[in-house]
Amino acid sequence: QVQLVESGGGLVQPGGSLRLSCAASGTIFHVVAMGWYRQPPGKPREVVATVTRGGSVDYADSVKGRFTVSRDNAMSTVHLQMDSLNPDDTAVYYCSARVYTNRSHWDDYWGPGAQVTVAS
């Protein structure tokens, strides 16, 4: 099995910054892609940013220019630097990874989530 653990959430004032990190561990053959999703209160889960093993990144329009996703393939970790935060960024942030556990089998895995609250 594969486990994902997020860290770095918390309370921040509007205009502030936070950095989320996520580490994958367990039976990992290789990690295809990692990313961040979020679920604001009362709304469905949405994609925030993704990064492939080769380094290709994609962002939701709402976070472009403010958030930066990065990945350390050797450590199977992914980070999300969040700058210029505003109250609309308040959500539970989830780490996700598409992992091959052997040469032929892959699954999508999710972390338990990290609360990010932007308020003054």
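Going by the structure above, here's the rest.
Scope of this entry: the structure provided in the associated data block. No experiment lies behind these values; they were computed from the predicted model shown. Each chain has its residues counted from 1, following the order in which its sequence is written. Two thresholds apply to this predicted model, a pLDDT of at least 70 for residue-level local features and 80 or more for giving and counting side-chain atom pairs, whereas whole-chain, interface and lining totals are computed over all residues. To get the side-chain values, all heavy atoms of the structure are used, and hydrogens and water are removed first.

### Things to note about the sheet that holds strand E1 (residues 2-7)
- Strand order in the open sheet formed by four strands is E1-E3-E8-E7, with antiparallel pairing between adjacent strands. The sheet is open, and its two borders are formed by E1 and strand E7 (67-72), each paired with just one other strand. Going across the sheet, the axis of each strand differs from the next one's by a mean of 15 degrees, ignoring polarity.
- Pairs of strands are assigned from DSSP output, requiring at least two bridges between the strands. Secondary structure elements are taken from DSSP: a helix is a run of H or I of four residues or more, a strand is a run of E of two residues or more, and numbering for both begins at the N terminus. Strand direction decides the pairing type here: E7 and strand E8 (residues 77-82), joined by six bridges, are antiparallel. By the bridge assignment, valine 69 is partnered in E8 with leucine 80. For helices, the fitted axis covers only the stretch in contact; all axes are lines through C-alpha atoms, and the angles between them, taken along N-to-C directions, range from 0 to 180 degrees.

### What about the pattern of salt bridges?
- Any carboxyl oxygen of Asp or Glu that lies within 4 Å of a side-chain nitrogen of Lys or Arg is treated as forming a salt bridge with it. In this structure the tally under the stated criterion is five salt bridges.
- The partner of glutamate 46 in a salt bridge is arginine 38, and the shortest N-O contact between them spans 2.7 Å.
- Throughout, exposure labels follow a simple rule: accessible area from a 1.4 Å probe, protein chains only, divided by the maximum for the residue type, with under 20% read as buried, over 50% as exposed, and the rest as partly exposed. Relative accessible area serves as the criterion here: at 4%, arginine 38 is assigned to the buried category.
- The closest approach of N and O atoms between arginine 66 and aspartate 89, which form a salt bridge, is 2.8 Å. With arginine 66 in the loop between strand E6 (57-59) and E7 and aspartate 89 in the loop between E8 and strand E9 (91-100), this residue pair connects regions lying 23 residues apart in the sequence. Side by side, arginine 66 and aspartate 89 carry an identical accessibility label, which is buried.
- Residues participating in the shared-partner salt-bridge network are Arg38, Glu46, Arg66 and Asp89.

### Observations regarding the nonpolar core
- Among buried residues, those of type Ala, Val, Leu, Ile, Met, Phe, Trp, Tyr and Cys that are joined through side-chain atoms within 4.5 Å constitute a nonpolar core. Counting 30 residues, the largest nonpolar core has Trp36, Leu80, Met82 and Tyr93 as its most contacted members.
- Going through the elements one at a time, E1, strand E3 (18-26), strand E4 (30-39), strand E5 (46-52), E7, E8, E9 and strand E11 (114-118) are the ones with two or more residues in this core.
- Take this core: its biggest share by element is five residues, from E9.
- Contacts of tyrosine 93, omitting those with residues within four sequence positions, involve Glu6, Leu20, Trp36, Tyr37, Arg38, Val48, Phe67, Leu80, Met82, Gly113, Ala114 and Val116. We call two residues in contact whenever any of their non-hydrogen atoms come within 4.5 Å of each other.

### Some details on the pairing of strand E10 (residues 106-110)
- Where E9 lies against E10, five bridges are found, and the strand directions are antiparallel. If you follow valine 99 over to E10, its bridge partner there is aspartate 107.

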